[in-house]
Amino acid sequence: MTTVFDSQAFGRKIHELLLLHELDRAPRHGYQVVLEIEERSGGYFQFNHGTLYPILHRLEKDGLVVGRWSDPEKGRPRKEYALTEAGRTYLAELRAEWRELRERLEAFLGDGERADAAVRTRTA
Amino acid sequence: MQRFGPALRRVAAELDLPRRARTALLLELAADLEDVYEHYRAAGLSEAEAARRAERMVLASPEVIRRLGRLHVNPWHGWAEEVSATLRGRLDVLLLALGVLPVLAVAIGVSVWVLAEHPSPLTTSMLLVGAVLASVSAKGAAPLLRGRSPERAALPEILVVAAIALALGLFAPVAGVWRAAAALRDGAPEQVLFLTVVARDGAILLAGLLLGVVGLLVWFVLLGVHARRADREVAALLSEDAGNVAAAAMVGSSDSVLPLVRRRHR
């Protein structure tokens, strides 16, 4: 069966991949996930204007992550998110999708790069 | 928290969500704002710059708020919370309780009588369901005795057990008629069969219906108590009046949807 690239879901899936990948490393609070992603990507990936919450809450609603409030007796209470088993399975699917996209894109762009290289050789 | 009070109030004004979702989201935003602010302060940013960055990262734009609204839409739950939360006074709860207790007493009485007179797997099952319903209702209401919010996790359990009681009650007459038809075929006296179906299975049906109603009432009352506490805590979080915050802190609890309020004003 031929898989087809879904351009409409692309942005959403990138965000999900980033969040789930980060939560796969360790359970974290919402803000921690965002700061980690921002720092580890050198500021390339950012979640501004509360864009984190719709994604995180939908993942929670779908049972892919679970959010728990920390005990207020043990410091400032925060909502900590952790990956569920279903979330791990979905993350594996997302990683596979991403690998396929990258391979297909590289194969597609490869022709153009070879042509560019040939032009450079001729003009040199 | 007052540092972000105005910004939180702006978001709260646009959040058209069911009470619980709205409260939980506001708390999450408030906690994350404080933590991001502290993160940037620790990184050496000025107070103003740290607050600006925290707001930019955490606070939702109107479009994001609309997306959150669509995500949390649950008309039935929102309606139930709304109606239940309007039962403001102790008198309302007392009247509900007075409605619940006699029904519960009748349900228990009928179940025990039927079990004693006409024991069967169905009557035993109904008694067990009744016991489970009492147990989960007690679990849900127990925190009230310590001045805390009802146990939120118990609310769906109460609904599920009430539904099981209803289903079991409705199943009893069907199973009874089925058994009676089989017994008639085998030549059993009609009078005995009539008594069996009417007395035992009818009583199980009644017990099932009553337990179902009791479960729904308990769920409704606890949901209302939870929603009213959430209202007070959100009002305190968004209030500029420190006295209000302190007052709300008195009703907060460790299982509260807004534990921040309680902790900050100890």
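Rules of the game
Residues numbered from 1 in each chain as written. Chains lettered and ligands numbered in written order. Predicted model: local features only at pLDDT ≥ 70, side-chain atom pairs only at ≥ 80, totals over all residues. Helix = DSSP H or I, 4+ residues; strand = E, 2+ residues; numbered from the N terminus. Buried ≥ 20, exposed ≤ 12 C-beta atoms within 10 Å, placed from the backbone. Contact = placed C-beta atoms within 7 Å. Expected span 1.5 Å × (residues − 1). Arc of directions from axis to C-beta. Core = buried A, V, L, I, M, F, W, Y, C linked by C-beta atoms within 7 Å. Axes fitted to C-alpha atoms, helices over the stretch in contact; angles between N-to-C directions. Parallel < 35°, antiparallel > 145°, perpendicular 65-115°, else oblique. Nonpolar A, V, L, I, M, F, W, Y, C, P; charged D, E, K, R; others polar. pLDDT = per-residue confidence, 0-100. Left-handed = near helix turned anticlockwise from the far one by under 90°. Pairing = 2+ DSSP bridges.

Draft legend 1. Expanded view of the overall build of chain A. Each helix and strand in chain A was counted, giving 4 helices and 3 strands. When the elements of chain A are put in sequence order from the N terminus, they spell out α-β-α-α-β-β-α.

Draft legend 2. Local environment of the overall build of chain B. For chain B, the helix and strand inventory stands at 11 helices and 0 strands. Ordered by position in the sequence, the α and β elements of chain B form the string α-α-α-α-α-α-α-α-α-α-α. A buried classification covers 39% of the 266 residues belonging to chain B. Taking the intrachain contacts of chain B between residues at least 6 apart in sequence as the baseline, contacts between residues at least 24 apart amount to 68%.

Draft legend 3. Structural view of helix H3 (residues 47-58) of chain B. Residues and elements named next belong to chain B. Between its terminal C-alpha atoms H3 stretches 16 Å, which fits the 16 Å expected from 12 residues at 1.5 Å a residue. For H3, the full list of buried residues reads Ala50, Ala54, Met57 and Val58. For H3, the buried positions fall inside an angular range of 80 degrees around the axis, keeping them on one side.

Draft legend 4. Local environment of the nonpolar core. Membership of the largest hydrophobic core comes to 45 residues, with the highest contact counts inside it found for Leu25(B) and Leu29(B). At the level of secondary structure, the elements contributing two or more residues to this core comprise helix H1 (7-25), helix H2 (30-40), helix H3 (52-61) and strand S3 (79-83) of chain A together with helix H1 (5-14), helix H2 (19-42), H3 and helix H4 (62-72) of chain B. Examining the composition of this core, we find that 12 residues originate from one element, H2(B), more than from any other. In this view, Leu29(B) contacts Leu8(B), Val11(B), Val58(B) and Leu59(B); residues no more than four positions away in its chain are not counted. If you look at the next biggest cluster of nonpolar residues, it comprises 30 residues, including Leu133(B), Ala154(B), Leu210(B) and Val218(B).

Draft legend 5. Highlighting the packing of H1(A) against H2(A). Residues and elements named next belong to chain A. Remark: H1 packs on H2, axes separated minimally by 10 Å, with the N-to-C direction vectors making an angle of 105 degrees. Between H1 and H2, the angle is such that the two are roughly perpendicular. The segment H1 lies against H2, with Leu18, Leu19, Glu22 and Leu23 engaging Val33, Glu36 and Ile37. In the contact of H1 with H2, the residues fall into 5 nonpolar, no polar and 2 charged.

Draft legend 6. Representation of the confidence of the model for chain B within the structure. All names here are of chain B. Mean pLDDT over chain B: 72, with 67% of residues reaching 70 or higher. Contacts of residues 241-266 to residues separated by more than four positions or lying in other chains number 66 contacts, the stretch itself having pLDDT below 50. With pTM at 0.56, the complex prediction returns an ipTM value of 0.75.

Draft legend 7. How the structure looks around the packing of H1(A) against helix H4 (residues 85-123) of chain A. All names here are of chain A. Between H1 and H4, the least distance of the axes is 10 Å, while the angle of their chain directions is 125 degrees. Between H1 and H4, the crossing angle belongs to the class labelled oblique. Seen from above, H1 lies across H4 with left-handed handedness. Note on element contacts: H4 touches H1 through Gly87, Arg88, Tyr90, Leu91, Leu94, Glu97 and Trp98, opposite Lys13, Glu16, Leu17, Leu20, His21 and Asp24. Grouping the constituent residues of the contact of H1 with H4 by class yields 6 nonpolar, 2 polar and 5 charged.

Draft legend 8. Structural context of the sheet that holds S3(A). All names here are of chain A. Here we have 3 strands laid out as an open sheet, ordered S1-S3-S2, and antiparallel in their pairing. Where the open sheet ends on each side, the last strands, each with one partner, are strand S1 (28-29) and strand S2 (65-69). Alignment of S2 against S3, held across 5 bridges, turns out to be antiparallel. Across the sheet, residue Trp69 finds its bridge partner in S3, namely Lys79. Running over the sheet, H1 touches S1, S2 and S3 and is turned about 90 degrees from S3.

Draft legend 9. Representation of the pairing of S3(A) within the structure. In this sheet, S3(A) lies alongside S1(A) in antiparallel orientation, the contact comprising 2 bridges. In the strand pairing of S3(A), Arg28(A) is matched with Tyr81(A).

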